[in-house]
Amino acid sequence: MKLLLLLTSAWLIIDIIKFISSITRGRKVRIYDFSLENTLPLRGVLALLIALHHVSQRIVSTPILSEFSQWGGYIVALFFFIMGYGLTISYEKKGTSYLDGFFKRRIIKLILPYIICIIGYTSYLWLKVPKYNIITSLKNSGVDFSDVLLPTSWYVIAALAFYLMFYTVMRFTKKLSIGIPCLLVYLYGYFHVMRHFEFGRWWFVTIYAIGVGMVYACFEGKIRMAFSKMPLLYTSCLLFLFLILYILIPHYANSLSIDYRYDVMKASVFPIFIISAIYATGFFRNRVLCFLGSISYEIYLVQGALTWNYAFLSESSILYSYTVISMSIMLAYMLHVLCRYIYKYCKI
């Protein structure tokens, strides 16, 4: 966790230095775009980080890799932020016509790779584990049933539920000004339902980042304008707020009454700092990151099962990490190609 906070702080400090340099030299400050296209390399990085996060949870003897063990919430929050942002921007541009092909474009492309992975994972367990029965496993799993279907796949179910709610709400309300408040109410209800039925914290602690992404998309023009007019002041205030939220308050956490709501707030607003940093410096873009971004969802699907399957290698942290990540990329690409063929064949 310290490494993540250090990197984010350093990124914001570099932005401030860049702005000071531009202002003192009389140069115009360049503000980079944050668009759906530009999120592609970011999603590639996040996909690798989530794999490292799950790998690190099985490794305790390697200081560098163990740093990633607490990154999961912030990584998923960024994924959720991008999802909320993307839905809002797309609807803002296309209006109600965006909903016409919504099930093909969003729902089916979310579910199909998931179902293929479930079939593959269940078949593997059936061959490997004597007398394996998925029905019995589901009955014994309790509320956190998603790991039985596919390890770490709770994200898919949460995303699917929100997609369906987004479609329903926007089909009836038509306007974002009405739909977004309704969706925020849904997120509030989802959060408390998950807590009430004692689902794992990962099911709900980052969910509000979707709402943050939607609200941010609505006010993006005004935010960019404020940023372009006063970039140095804007970034300095963000850095100050970041240091208070993520470093100063946790330092005194033992003497303060801090509960789960603080973790929710940290995860929900964290994407704002990353997006603001991207405004200032852009995001490193190359073919490798864009390729990883194009299969980021597939990487997310397969890496959980591979982390579990290759756990016997965890005593060798380097070998374990390399095996999981390389196999995740390879299987994710194969899954991506297979799904693309099915979409083409079925004209989806």
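Chemist: Would you explain the overall build of the chain in this entry?
Modeler: Helix and strand counts for the chain stand at 16 helices and 0 strands. Residue pairs at least 24 apart in sequence account for 77% of intrachain contacts in the chain once pairs closer than 6 positions are excluded. When the accessible surface of the chain is totalled, it reaches about 18,000 Å², and 67% of it is carbon and sulfur.

Chemist: Hey, could you run me through the packing of helix 2 (residues 39–56) against helix 14 (residues 287–294) in this one?
Modeler: Angle between the axes and distance between the axes are the two parameters that describe a pair of packed helices. Orientation of helix 2 relative to helix 14, taken along the N-to-C sense of each, is 75°, at an axis distance of 7 Å. Taken as axis vectors, helix 2 and helix 14 run roughly perpendicular relative to one another. Contact residues: helix 2 offers Leu40, Pro41, Arg43, Gly44, Val45 and Leu48, while helix 14 offers Leu289, Cys290, Leu292, Gly293 and Ser294. Along the lines of polarity and charge, the residues of the contact of helix 2 with helix 14 split into 7 nonpolar, 3 polar and 1 charged.

Chemist: Honestly, helix 11 (residues 220–229) in this entry has me stumped. Any pointers?
Modeler: For an α-helix, 3.6 residues make a turn, and residues three or four places apart therefore share a direction. Those residues of helix 11 lying buried are Glu220, Ile223 and Phe227. Down the axis of helix 11, the sector holding all buried residues measures 65°, keeping them to one side. Those residues of helix 11 that are exposed and angled more than 90 degrees off the buried face are Lys222 and Lys229.

Chemist: Quick question: what am I supposed to make of unusual backbone geometry here?
Modeler: Negative phi values dominate among residues other than glycine, just as trans dominates among peptide bonds. One non-glycine residue, Lys174, lies in the positive phi region at around 70°. Considering the arrangement of structural elements, one finds Lys174 in the loop between helix 8 (154–173) and helix 9 (176–196). A positive phi angle, close to 60°, is found at Glu198, a residue other than glycine. By the secondary structure assignment, Glu198 is in the loop between helix 9 and helix 10 (208–218). Take Glu198: its relative accessible area is 66%, and that puts it in the exposed class.

Chemist: Looking at this structure, I do not really get the nonpolar core. What am I missing?
Modeler: Generally speaking, nonpolar side chains in soluble globular proteins are found buried as a group. If you look at the biggest cluster of nonpolar residues, it comprises 112 residues, and the most contacted ones within it are Phe80, Phe102, Phe162 and Phe166. With 14 residues, the single largest contributor to this core is helix 4 (residues 72–94). Apart from the residues lying within four places of it in its own chain, the contact partners of Phe80 are Trp154, Tyr155, Ala158, Thr206, Ile207, Ala209 and Ile210.

Chemist: Is there a simple way to explain the side chain of Ser296 in this structure?
Modeler: On the secondary structure map, Ser296 appears in helix 15 (residues 296–309). With sequence-adjacent residues up to four places away left out, Ser296 is seen in contact with Arg43 and Ala47.

Rules of the game
- Each chain has its residues counted from 1, following the order in which its sequence is written.
- Restriction of local features to residues with pLDDT of at least 70 applies here, the model being predicted, together with a cutoff of 80 or more for giving and counting side-chain atom pairs; totals for whole chains, interfaces and linings are based on all residues.
- Calculated side-chain values reflect all of the structure's heavy atoms, with hydrogen atoms and water omitted.
- Helix and strand labels come from DSSP, where a helix needs a run of H or I of at least four residues and a strand needs a run of E of at least two; each type is numbered from the N terminus.
- Any pair of residues with heavy atoms lying within 4.5 Å of one another is described as a contacting pair.
- Note on areas: these come from Shrake-Rupley sampling with a 1.4 Å probe, and a residue is covered only by the protein chains present in the view.
- Fitted lines through C-alpha atoms give the axes, limited to the stretch in contact for helices. The angle between two N-to-C directions lies from 0 to 180 degrees.
- Any angle that is under 35 degrees is reported as roughly parallel, and any over 145 degrees as roughly antiparallel; angles of 65 to 115 degrees are reported as roughly perpendicular and all others as oblique.
- Any residue that is not Ala, Val, Leu, Ile, Met, Phe, Trp, Tyr, Cys, Pro, Asp, Glu, Lys or Arg is counted as polar, Gly included; the first ten are nonpolar and the last four charged.
- Each residue is assigned to one of three classes by its accessible area relative to the maximum for its type, calculated with a 1.4 Å probe on protein chains only: buried under 20%, partly exposed between the two thresholds, exposed over 50%.
- What the arc describes is the spread of directions from the helix axis to the C-beta atoms.
- For our purposes a nonpolar core is just a set of buried Ala, Val, Leu, Ile, Met, Phe, Trp, Tyr and Cys residues, chained together by side-chain atoms within 4.5 Å.

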